[in-house]
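Below are the chains, spelled out letter by letter.
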Amino acid sequence: MTTVRDLLVQLLDDPSVAALPDDTPLFKGGLGLSSLDGAALLRAIDEELGVDVAAEDIALESLETVGTLSRFVAVRLAR
Amino acid sequence: MRLVVWDLDETLWPDTTLERDPSAPLPAPDPAALDVVRALRERGIVNAIATRNPPSLRDRVLAEPWAEHFAAVRAGWGDKAPAVAAIAEQLDIALTETAYVDTDPFVRAGVEHQLPEVRGLAPDGLRALLPTLDRATTAEAARRTELYRDEARRRDAARAHPDRESFLASCRITLAVGEARAEDAPRVDELVARTNQYNSTGRRPADATVLVGELRDRFGDYGLVAAAFLREGVAELLLVSCRAAGKGCLEGMLHELARRGTPLTIPVVPTERNVPLRLALRAATDSATTDGDTVVFTLHRVPPIPDWLTLEDRS
């Protein structure tokens, strides 16, 4: 089953992302994603995993760290 | 002793990496050596690896399951002593609390010669020391290896994008902001009609002060790329052309809007397309609350602008 980390690895074309700690920020001070990268990630999550984060979390609070986003998606998938 | 730096070839594992087929899996570490590594870790002593091998070996080693016992791995062609010193510095551990383990007495002596504070040990000598070392007393000490590893990964992640800021600084990006003039109207209309990704509400308010931003950099002039409709501390509509994304326009506009009075609120009506704006505002504002179907971002003070951005008065 594809995970958020798998999609991050694809997006950044960087296998080392798979081993990053959960508390790595997605944006500044962490992976350094741009807001366009973040949007691309959410599109990929919607397409691959069927979770529309941008619609379910309109303030995008789940996009803090690798872990917060992974958990948000996991909780939606478990429903 | 707080740090033990291990040699790899013929010490931690019984092979010489370069003599192996590069496509073959890495050798397994010597079980007896790995037992010592685990025992040290239980005592809150951090293990690391310094090996004279291609730098690419580092990532292959870090991908091995047993690498979780090591807080740092260095692979390269330089001398061992600088590698040991660099690891100690990275982990912020004094050389006097550092040991270097190698089966080869010549290499040990070389390290001790260059770094007299470091204690060189053969694996057997280190094993013999174990009974004299206390167990870890705090949870932090027991987790020390993980903490160091997390920190190293974070640094690696940041290093993956090292050039972005200096690149932007080299671009000499300038945003000129001022109130819209009569001749700006067609372009403002166009921004309202055509901007999707960085469009906050899609609704153009009447009776608002319209601020516009013109962007240029050393490559050229982007023209009028941002507009904000401000009314009584609320940015009722905020627009940035996606051509200008990531070039400081949003930060510059927010700075200028907030300079006209705080708190400044920026309501956003979420759409499928405006995820980039929502993400950028999350990063650039002080708080976000949801009010029904609207996300309200708030600035309580004038936000800083990026170091690489120059703001100008457009009058």
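Conventions used here
- Residues numbered from 1 in each chain as written.
- Chains lettered and ligands numbered in written order.
- Predicted model: local features only at pLDDT ≥ 70, side-chain atom pairs only at ≥ 80, totals over all residues.
- Heavy atoms only, no water.
- Helix = DSSP H or I, 4+ residues; strand = E, 2+ residues; numbered from the N terminus.
- Buried < 20%, exposed > 50% of the residue type's maximum accessible area, 1.4 Å probe, protein only.
- Lys, Arg positive; Asp, Glu negative; His and termini not counted.
- Salt bridge = Lys/Arg side-chain N within 4 Å of Asp/Glu carboxyl O.
- Polar contact = N/O pair within 3.5 Å; in protein donor to acceptor, adjacent residues only side chain to side chain.
- Contact = heavy atoms within 4.5 Å.
- Pairing = 2+ DSSP bridges.
- Axes fitted to C-alpha atoms, helices over the stretch in contact; angles between N-to-C directions.
- Buried area = accessible area lost by both parts, 1.4 Å probe.

### A short note on the side chain of Asp217 of chain B
Residues and elements named next belong to chain B.
- One can find Asp217 in strand S7 (residues 209–217).
- No salt bridge is formed by the buried Asp217. Its closest oppositely charged neighbour is Lys247, at 5.9 Å.
- Within the local environment of Asp217, its side chain forms a polar contact with the side chain of Tyr222, the two groups lying 2.6 Å apart.
- Those residues in contact with Asp217 that sit more than four places away from it in its chain are Cys171, Arg172, Ile173 and Tyr222.

### Looking at the pairing of strand S12 (residues 294–299) of chain B
Residues and elements named next belong to chain B.
- Counting buried residues along S12, 5 of its 6 residues qualify, which places the element largely inside the surrounding structure.
- Summarising the sheet, strand S10 (residues 264–268) and S12 pair through 5 bridges and their orientation is antiparallel. Looking at S12, one finds that Thr265 is bridged to Thr298.
- Pairing analysis gives 5 bridges linking strand S11 (residues 287–291) to S12, with the strands arranged antiparallel. Bridging across to S12, Asp291 finds its partner in Thr294.
- Joining the antiparallel neighbours S11 and S12 is a turn of 2 residues, in which Gly292 adopts a positive phi near 65 degrees.

### Here's the deal with the sheet that holds strand S3 (residues 70–76) of chain B
Residue and element names in this part refer to chain B.
- Pairing within the open sheet is parallel, and its 5 strands lie in the order S3-S2-S1-S4-S5. In this open sheet, the two edge strands, each paired with only one partner strand, are S3 and strand S5 (119–121). Neighbour-to-neighbour, the strand axes of the sheet open up by a mean angle of 20 degrees, direction not taken into account.
- In the packing of helix H1 (residues 31–42) onto the sheet, contacts are made with strand S1 (3–6), strand S2 (46–52) and S3, and the angle to S1 comes to roughly 160 degrees.
- Contacts from helix H3 (residues 80–91) reach S1, S2, S3 and strand S4 (98–101), with the element oriented near 150 degrees to S2.

### As for the interface of chain B and chain A
- In this complex, chain B contributes 23 residues to the contact, which on the side of chain A involves 22 residues.
- With both chains or domains summed, chain B and chain A bury close to 1,800 Å², and 64% of this area falls on carbon and sulfur atoms.
- At the surface where chain B touches chain A, the tally comes to 1 salt bridge.
- Joining chain B to chain A, the criterion identifies 5 residue pairs in polar contact (both at pLDDT 80 or more).
- Of all the elements in the fold, those that place two or more residues in the side of chain B that touches chain A are helix H7 (144–159), helix H11 (275–284), S11 and S12 of chain B.
- At 6 residues, H11 of chain B tops the list of elements feeding residues into the side of chain B that touches chain A.

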